[in-house]
Structure formats: C-alpha cells, structure tokens
Amino acid sequence: MMRALILGGTADANLLAAAIARAGIDAVYSYGGRTRAPADQPLPTRIGGFGGISGLADYLRREGITHVIDATHPFAAEMSRNAIAACAQTVTPLIALERSPWDKEAGDRWIEVADVVSAIAALPDSRARVFLAIGRQHIAPFGSRPQHAYTLRFVDPPEEAPPLPDADVIVSRGPFTLDGELEMMRERRIDWIVARNSGGTGARAKIDAARALGLPVIMITRPPLPDRPRLESVGDVMQWLGHRTCLGA
C-alpha cells in the first residue's frame, strides 16, 4: 500500500496535496512550523520538525511511508538535506517538486550573491529604502546597516517589533500581482530590493516590478544541495506516484 509524505509549505505543495487527495492516495502533509496559521489542507497534517536525519528516518519507518515528496521552499536546505539522507537510510523513494530558478532578463539590474551576509555587504552605504523579501528568519543581520529604511512583508503579524531601527511591516499572503507590487514599491518609494531566487510564479511579481521600475535587486542564489531527482510540475509528480491526473486549466 502506498503512503506518501509531502514536505510542504509552498504553493506547489498545496496544489500537490489537493491532487493527491482527489486521487485518493493515503498521504500526510508536513509543515515545518514557521507559519503560525498555515493553510488548511485536504490531507492529514503534521506541524514541526522531525528531529534531524535520524528522527525523519524513524518517522518514515514508524508511519509506513513509501514515497517522499520534498516540496519545501528552495531555501529550506537543511530539511532537503535531511530528506535526502533519511530516504537513503530507509531506501524510500524521494522526489523534489521544485521550480527552476528565475533567469535574468533584459532590463534586470541584479546583483547576484551567495548568502545573506553577501547581500548585506552589497547594499549602498548611503541611506536607501529597501524592500527585504527574504523571510523573517533572515531579517536580524540587516541591523548592521541601520541607516536604511526597511519594508518587510510577513504572512503572519510579528509577535514583536522587528530587530531593525527603521522598519515597516506589511502583513499579507501571496501570490502577488504585478500591479500590486508596482503600487507598493511606488507608494513606499523603494530604492533597492533584496530577494531570494525561489523561482515559480507566486513570488515573481516583485522581480517583474523591479524591472519595470529600473530598481536594483540583490538576488540571493539558491544554496547547493546533493544531487536528487526533481520534477517541476504537480502532474509529473502524480505520474511518478503512478497516477494519471487531469489538473484542468
């Protein structure tokens, strides 16, 4: 009997959960726990970590998991590495549902960097209005550049004030539109954007808006991962699971 584990937290993971539920596949959806109010899923859901590689391997054995789909965020590197190792230990088939990263286009003003530390170093010395589109767990290090006015966007309201001397928080859940991103950047007079190359369409509007406005983007490249099989669409994952599906328009 098949029993799948979805390592989720992305829009694609949510689409996959819906397709798996429609197909009647026994599956569990796992959230990492960073979002306080995660979206409802049509599958049994668990929230929180597994306790590293050994904890995940124990979970796979205990719960009779036969297939693992890593549909986490491309920057959730620790979880992805743990999944690769735990699946190897338990001889459990693993597939990554992962969109290709964005490619630089004509008109883009990207400064590509490897990590948050390099992104901070790439900011200008003079005061600027900076949109940090990188997730709340990476905000604090930007306190080393206190001269800037930061705009932050979170899915959940912050429990405490951001650790930055000049920061304004937007609470909103994507996907975001090009018109909406243009309006936000113009209204807040954004000068610079710091983003992670997550790929896909749900978060791309800010990159398209930056191009339209001629704004520089400090683009953090994806962390390296060991080789693993990967697919880019829910339909392909369903075929990997052995189910034909029609996702509609």
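Our structure is the block above this text.
Report follows, based on the coordinates. What you see is a predicted model; the values in this text were computed from it and never measured. (Residues numbered from 1 in each chain as written. Predicted model: local features only at pLDDT ≥ 70, side-chain atom pairs only at ≥ 80, totals over all residues. Heavy atoms only, no water.)

**Observations concerning the overall build of the chain**
Here's step 1: Within the chain, the secondary structure is distributed over 7 helices and 12 strands.
Here's step 2: Going through the 249 residues of the chain one by one, you find that 45% of them count as buried.
Here's step 3: A sequence separation of at least 24 residues applies to 64% of the contacts in the chain between residues at least 6 apart.
Here's step 4: A distance of 0 Å separates the average location of the 28 positive side-chain charges in the chain from that of its 28 negative side-chain charges. (Helix = DSSP H or I, 4+ residues; strand = E, 2+ residues; numbered from the N terminus. Buried < 20%, exposed > 50% of the residue type's maximum accessible area, 1.4 Å probe, protein only. Contact = heavy atoms within 4.5 Å. Lys, Arg positive; Asp, Glu negative; His and termini not counted. Charge placed at Lys NZ, Arg CZ, Asp CG, Glu CD.)

**Section: the side chain of Ser80**
Here's step 1: Secondary-structure assignment places Ser80 in helix α3 (residues 77–90).
Here's step 2: For Ser80, a relative accessible area of 3% puts it in the buried group.
Here's step 3: A polar contact of 3.5 Å, which involves the side chain of Ser80, links it to the side chain of Thr72.
Here's step 4: In this structure, Ser80 is in contact with Asp70, Thr72, Leu225 and Arg228, ignoring residues within four places of it in sequence. (Polar contact = N/O pair within 3.5 Å; in protein donor to acceptor, adjacent residues only side chain to side chain.)

**Comments concerning the pattern of salt bridges**
Here's step 1: Following the criterion strictly, the structure yields 19 salt bridges and no others.
Here's step 2: Measuring nitrogen to oxygen at the nearest pair gives 2.9 Å for the salt bridge that ties Arg230 to Glu98. Of this pair, Arg230 sits in strand β12 (residues 230–231) while Glu98 sits in the loop between β5 (94–97) and β6 (109–113), and the two are 132 residues apart along the sequence.
Here's step 3: Taking relative accessible area as the criterion, Glu98 reaches 13% and is therefore assigned buried. (Salt bridge = Lys/Arg side-chain N within 4 Å of Asp/Glu carboxyl O.)

**A look at unusual backbone geometry**
Here's step 1: Even without being a glycine, Val91 presents a positive backbone phi close to 55 degrees.
Here's step 2: By the secondary structure assignment, Val91 is in the loop between α3 and β5.
Here's step 3: Positive phi, close to 55 degrees, is recorded for Arg189, a residue that is not glycine.
Here's step 4: As for its placement among the helices and strands, Arg189 is situated in the loop between α5 (178–187) and β10 (192–196).

**Remarks on the sheet that holds strand β11 (residues 216–220)**
Here's step 1: Overall, parallel pairing links the 6 strands, which are arranged β6-β11-β10-β7-β8-β9 in an open sheet. Of all strands in the sheet, those with a lone pairing partner are β6 and β9 (167–171), marking the two edges. Strand-to-strand, the axes of this sheet are offset by a mean angle of 20 degrees, without reference to chain direction.
Here's step 2: Note: strand β8 (residues 149–154) against β9, 5 bridges, orientation parallel. Paired with Tyr150 across the strands is Ala167, a residue of β9. (Pairing = 2+ DSSP bridges. Axes fitted to C-alpha atoms, helices over the stretch in contact; angles between N-to-C directions.)

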